[in-house]
Amino acid sequence: MTNIDIKDVSLSDENTLRDAAELITKYSWGEDYPVDPLEEIQKSEYCAGAYAKDKLVGFATVNRFASPDGKDNGELWLGHAVVIPEFREQGIYQKLYTAQMEHTQRGSGRILSCTSNPIIENFLSGRGWQEIRKTKDEEGGECSVFEYSKNTS
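From a predicted model like this one, the values you see are computed outputs, not experimental measurements.

**Looking at the state of the cysteines**
Here a disulfide denotes a covalent bond joining the sulfur atom of one cysteine to the sulfur atom of another.
Next, step 1: If you walk through the whole model with that rule in mind, you get 0 disulfides.
Next, step 2: No disulfide involves Cys47; its sulfur sits 19 Å from the nearest other cysteine sulfur, which is in Cys114.
Next, step 3: Residue class for Cys47 comes out buried when judged on its relative accessible area of 1%.
Next, step 4: Note on Cys114: relative accessible area 24%, which makes it partly exposed.

Structure below.
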């Protein structure tokens, strides 16, 4: 298992943000997704990177606009989260999630996330998240919106 460091990423770190957008495009959204990941990352309020030595191998954000149907914008959203395939199943996603959740604890209100990935749905459900609705993502595919109550242990 590789030693992974999770670090806060500044929104002024343009090189890392571009690298993160490439990770999202290549390993999560795909080339044809109708939203520019770099533009979304740049509007985030928090970014975390997972590094193996100096290589960015994972990335996650928190923002207030990730609602694919526009409902609940203004609330805290766990945004992008990606780990490159050769580094998956090493607990990196969990570490990024922990960094995201630590950031959300500084804010008020609900915490939301949206996914169409059954692995992530199970991950969230296993940590006290509740599915609150189905909606359509930017491509028109169905996704589930989850809510986390800060009162949930």
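That covers the picture; the talk isn't over yet.
**Re the sheet that holds strand S6 (residues 130–136)**
Next, step 1: What the 7 strands build is an open sheet, ordered S1-S2-S3-S4-S5-S7-S6; its pairing is mixed. If you trace the sheet from one side to the other, it starts and ends with strand S1 (4–8) and S6, each paired once. Ignoring strand direction, the axes of neighbouring strands in this sheet form an average angle of 25 degrees.
Next, step 2: In this structure, S1 lies alongside strand S2 (residues 46–52), joined through 5 bridges in antiparallel fashion. When the bridges of S2 are listed, Asp8 appears paired with Ala48.
Next, step 3: Most of the contacts of helix H1 (residues 14–29) go to strand S3 (residues 55–63), to which it runs at about 90 degrees, and overall it touches S2, S3 and strand S4 (76–83).
Next, step 4: Of the strands in this sheet, strand S5 (111–115) and strand S7 (142–148) touch helix H4 (residues 118–125), which is tilted by about 15 degrees from S7.

**Considerations on the pattern of salt bridges**
Oppositely charged side chains may form a pair once their charged atoms are brought near each other.
Next, step 1: Tallied over the full model, the rule gives 9 salt bridges.
Next, step 2: The partner of Glu147 in a salt bridge is Arg110, and the shortest N-O contact between them spans 3.7 Å. Linking Glu147 in strand S7 with Arg110 in the loop between helix H3 (92–104) and S5, this pair joins segments that are 37 residues apart in sequence.
Next, step 3: With relative accessibility at 21%, the residue Glu147 sits in the partly exposed group.
Next, step 4: Judged by relative accessible area, Arg110 falls into the partly exposed class, the value being 25%.
Next, step 5: Residues joined by salt bridges that share partners form a network here, namely Asp69, Asp72, Glu75, Arg110, Arg133 and Glu147.

Analysis parameters
Residues numbered from 1 in each chain as written. Predicted model: local features only at pLDDT ≥ 70, side-chain atom pairs only at ≥ 80, totals over all residues. Heavy atoms only, no water. Disulfide = S-S within 2.5 Å. Buried < 20%, exposed > 50% of the residue type's maximum accessible area, 1.4 Å probe, protein only. Pairing = 2+ DSSP bridges. Helix = DSSP H or I, 4+ residues; strand = E, 2+ residues; numbered from the N terminus. Axes fitted to C-alpha atoms, helices over the stretch in contact; angles between N-to-C directions. Contact = heavy atoms within 4.5 Å. Salt bridge = Lys/Arg side-chain N within 4 Å of Asp/Glu carboxyl O.

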